[in-house]
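Structure at a glance
Chain by chain, the residues:
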2 protein chains.
Amino acid sequence: MAVMVDWWGGRDLRPMLPKIFFEHFGGTSLVAERGDELLGFLVGFLCPDHPGEAYVHFAGVHPSFRRAGLARDLYERFFALARAQGRTVVRCVTSPVNKGSIAFHMGIGFVMLPGDEEVDGLPVTVDHGPHGDHVVRFELRLDAEKVP
Amino acid sequence: MAVMVDWWGGRDLRPMLPKIFFEHFGGTSLVAERGDELLGFLVGFLCPDHPGEAYVHFAGVHPSFRRAGLARDLYERFFALARAQGRTVVRCVTSPVNKGSIAFHMGIGFVMLPGDEEVDGLPVTVDHGPHGDHVVRFELRLDAEKVP
């Protein structure tokens, strides 16, 4: 909670991480630390409604530790964990304003899913919620993923 | 989303229900409808980190249809569903300001769990999040529940 506004460049996304994610989805979530310092985290879950699917709800990296492969490493550990539980696809969404996030997901092998409309050339879906925000939806097939 | 502010007496709790709950936890969530009209709903899940536990994240009933047993019915269906999946305890939290919710949970057999401090004579735990809100934590043991 203490780092989120800073890590997201002033956007306050804290309400998207209610405490239940930490209390109940710890087994599919990851943190990267150096000593006591939090460098990154990923909160995900195995989708109960969709037996083949895993979902990354939230992931972030300390601004001073970006572009060093840390987020990719968190995702790859999540992919391995999901694959070990029989999952074949990982999905996530991001905001169309978050160009860094979009580039990151494309860079590690996610593809954009078709949307309901287009914003800035991106396929977007209208999310529900107070502001009717748009999201870009991503998917990565674990069975097609190239293992180095 | 359209009913929430009204059903919660002006409190805007919409950010607590991101779309992922409806996309991924439908199998453990319930709606009560009359024709096309939504009368009540319950969003819950089986806790992946705690194999014996099920959690009610959110539940609400249309203000004009309260005090008729609808919420109790939604909870009892959730208890049955959780029990059928081998769960032995159901937990949930509510705000200490929501006296109706506290009375409801006590009335259907939940007990309050100890908190970190006390507010208005209630045991409360500090939740994380933007406002550091207090919550009252409830538990109901399915194995101890009296079946009519």
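We now turn to the structure provided with this report. (Residues numbered from 1 in each chain as written. Chains lettered and ligands numbered in written order. Predicted model: local features only at pLDDT ≥ 70, side-chain atom pairs only at ≥ 80, totals over all residues. Heavy atoms only, no water.)

**Notes on the nonpolar core**
Put simply, the test is: What is meant by a nonpolar core is a set of buried Ala, Val, Leu, Ile, Met, Phe, Trp, Tyr and Cys residues, joined one to another through side-chain atoms within 4.5 Å. Residue exposure (1.4 Å probe, protein chains only): buried if accessible area is under 20% of the type maximum, exposed if over 50%, otherwise partly exposed. Contacts were defined at the residue level, with two residues in contact if any of their heavy atoms lie within 4.5 Å.
Among the nonpolar cores identified, the biggest contains 28 residues, and F21, F45 and F58 of chain A together with F21, F45 and F58 of chain B are the most heavily contacted of them. Apart from the residues lying within four places of it in its own chain, the contact partners of F58 of chain B are M4, W8, L13, M16, L17, F41, L42 and V43 of chain B.

**Some thoughts on the packing of aromatic side chains**
The following threshold applies: Stacked, tilted and edge-to-face are the three classes assigned to paired rings of Phe, Tyr and Trp, where Trp is represented by its six-membered ring and a pair needs centres within 6.5 Å; plane angles under 30 degrees give stacked, over 60 edge-to-face, the rest tilted. Comment: elements are numbered from the N terminus, with helices defined as DSSP H or I runs of at least four residues and strands as E runs of at least two.
Scanning all chains against the criterion turns up 26 aromatic pairs over all chains. Seen in terms of ring centroids, W8 of chain B and F41 of chain B are 6.1 Å apart; in terms of plane orientation they differ by 50°. Their pairing is tilted. Taken as a pair, W8 of chain B in the loop between helix 1 (4-7) and helix 2 (20-24) and F41 of chain B in strand 2 (residues 37-46) lie far apart in primary sequence, 33 residues in all. A single burial state applies to W8 of chain B and to F41 of chain B, both of which are buried. Joined through ring pairs, the aromatic side chains of F21, F25, F45 and Y55 of chain A together with F21, F25, F45 and Y55 of chain B make up one cluster.

**Focus on the packing of helix 3 (residues 70-84) of chain B against helix 4 (residues 99-107) of chain B**
All names here are of chain B. The condition that has to hold: Here an angle of 0 to 180 degrees is reported between the N-to-C directions of two axes, which are lines fitted to C-alpha atoms, with helices fitted over the stretch in contact. What sets the label is the angle itself: under 35 degrees gives roughly parallel, over 145 gives roughly antiparallel, 65 to 115 gives roughly perpendicular, and the rest give oblique. Crossing handedness follows the turn of the near helix against the far one: under a right angle anticlockwise gives a left-handed crossing, and clockwise gives a right-handed one. Under this grouping Gly is polar, as are all residues other than the nonpolar Ala, Val, Leu, Ile, Met, Phe, Trp, Tyr, Cys and Pro and the charged Asp, Glu, Lys and Arg.
Helix 4 packs onto helix 3 with a crossing angle of 55° between their chain directions and a minimal axis gap of 11 Å. It follows that helix 3 is oblique to helix 4 by the angle criterion. For the pair helix 3 and helix 4, the crossing hand works out as right-handed. Along its contact with helix 3, which presents A71, R72 and Y75, the element helix 4 presents F104, H105 and G107. Considered class by class, the residues forming the contact of helix 3 with helix 4 number three nonpolar, two polar and one charged.

**Structural notes on the interface of chain A and chain B**
The accessible area lost on association of the parts is a frequent measure of interface size. Quick note on the threshold: By convention in these notes, a salt bridge is any Lys or Arg side-chain nitrogen within 4 Å of a carboxyl oxygen on Asp or Glu. Pairs of N or O atoms within 3.5 Å make up the polar contacts considered here, provided that, within protein, one atom can donate a hydrogen while the other can accept it, and that residues adjacent in sequence are counted only when both atoms are side-chain atoms.
Opposite the 28 residues of chain A that make contact, chain B presents 28 residues. Inspection of the chain A/chain B interface yields zero salt bridges. Taken together, the connections running from chain A to chain B amount to 12 residue pairs in polar contact (both at pLDDT 80 or more). If you tally residues by element for the side of chain A that touches chain B, the top one is helix 2 (residues 20-24) of chain A, at five residues. Residues belonging to the side of chain A that touches chain B are distributed by class as follows: 14 nonpolar, eight polar and six charged.

**What to know about the relation of the copies chain A and chain B**
Inclusion rule: The atoms used to superpose the copies are C-alpha atoms, taken from residues with pLDDT of at least 70 in both, and the fit is least squares.
Under the fitted operation, chain A is carried onto chain B by 0.0 Å of movement along the axis and a turn of 180°, and the coordinates agree to an RMSD of 0.0 Å. The symmetry that links the two subunits is that of a two-fold axis. By C-alpha distance to the rotation axis, the residue of chain A lying nearest is P15 of chain A, at 3.1 Å. The overlap is high: 100% of the interface residues of chain A also sit at the interface in chain B, so the same surface is used on both sides.

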